[in-house]
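Here is what each chain is made of, one letter per residue.
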Amino acid sequence: MTRVTTPFTARTTAAEVLPGVDLTGKRFLVTGGGSGLGAATAAALAGAGAAVVATTRKQLDLSDLGSVRRFTEAWRGPLHGIVANAGIMALPELTRAANGWEMQLATNFLGHFALITGLHEHLARDARIVLVSSGAQMGSPVHFDDPHFEHRPYDPWAAYSQSKTADVLLAVAIGNRWANDGITANAMAPGRIHTALQRHLDAGTMRSMGAMDDDGELLHPENFKTVEQGAATEVLLAASPLLDGVTGRYFDEDNQEGIVGQNVAAWSLDPDAADRLWELAAQALNGALAGPSLPDRSSPVRQ
């Protein structure tokens, strides 16, 4: 597999990723689009002429499969891209969604799985899906024997890392399953940025990251990005012609494909784990629907 490179750097902003690109007539969905990275991504896509639906939790609660189902059933018209941007991080205590899943895995992964598969019939042949992951995927595989911390001690960062690995695996699974539909999917890490994602972190943790001083004021270390810089990779994967036909890959914060062992874990790109996770998620949706199995509209193919 040839490594994908671009002319962009870690300091490129979202608005600088689409020079000369005309997205008129295309429609994108951005979850968590009310603030932070989602808002910057939505603004950049709209600035290139796209129609953008940017959701907030009031419109779409990803931790609630009923909310996701109502959203997908109400959707009308074609869709050219989904940016799965919304997420939660490092909940201090073990919290479960209504279906019993650990809340970070339920929100960051399962809710987006339900959204994307629920909107499959509306996706255009050249549609792109962007899964916002994190460098935290290096911290944990998906623990299929105990994904919801029923038998092992809960750890906020282990739970977050597992959910971000799951997001990369979803990109791998879509890349394999929907390639014949012309739909591509890639995952990415935006880098370190001050957003509402850190709302569950205590002052000690923020100080250990170099992100807060002793007086509680936010700091901006050199390895942190602005929101617009962090959103650049989301926009790149969603709409840049440089990514035409590229699928099932992980991009690090400098907008290039991650190197296994350096900035992406082998378990995050494991096609067998991706298939296993897909089946686990499909079973969860089937249980929530209390109906027949979800149809798989295309056969798996290997890249």
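The structure this text deals with has already been given above.
Just so you know, these numbers come straight off a predicted model, no measurement behind them.

A. Inspection of the pairing of strand β4 (residues 123-132) at higher detail. With eight of its 10 residues buried, β4 lies for the most part within the structure. Strand direction decides the pairing type here: strand β3 (residues 79-84) and β4, joined by five bridges, are parallel. Note on β4: the bridge partner recorded for Leu79 is Leu123. Read from β3 through helix α3 (residues 103-118) to β4, the crossover connection turns out right-handed. Both β4 and strand β5 (residues 184-188) contribute to a ladder of five bridges, which runs parallel. Paired with Arg128 across the two strands is Thr184, which belongs to β5. Remark: the β4/helix α4 (residues 156-177)/β5 crossover connection has right-handed handedness.

B. Looking closely at the sheet that holds β5. Strand order in the open sheet formed by six strands is β2-β1-β3-β4-β5-β8, and the pairing between neighbours is parallel. With one partner strand each, in any of the chains shown, β2 (51-54) and β8 (249-251) form the two edges of the open sheet. Here the strands of the sheet are splayed against their neighbours by 20 degrees on average, with no regard to which way each runs. Contacting β1 (27-30), β3, β4, β5 and β8, helix α7 (residues 232-239) crosses the sheet at an angle of about 160 degrees to β4.

Definitions and cut-offs
- Residues numbered from 1 in each chain as written.
- Predicted model: local features only at pLDDT ≥ 70, side-chain atom pairs only at ≥ 80, totals over all residues.
- Heavy atoms only, no water.
- Buried < 20%, exposed > 50% of the residue type's maximum accessible area, 1.4 Å probe, protein only.
- Helix = DSSP H or I, 4+ residues; strand = E, 2+ residues; numbered from the N terminus.
- Pairing = 2+ DSSP bridges.
- Right-handed = clockwise from strand over helix to strand, strands pointing away.
- Axes fitted to C-alpha atoms, helices over the stretch in contact; angles between N-to-C directions.
- Contact = heavy atoms within 4.5 Å.

Such coordinate-based values are descriptive only and should not be taken to indicate function.
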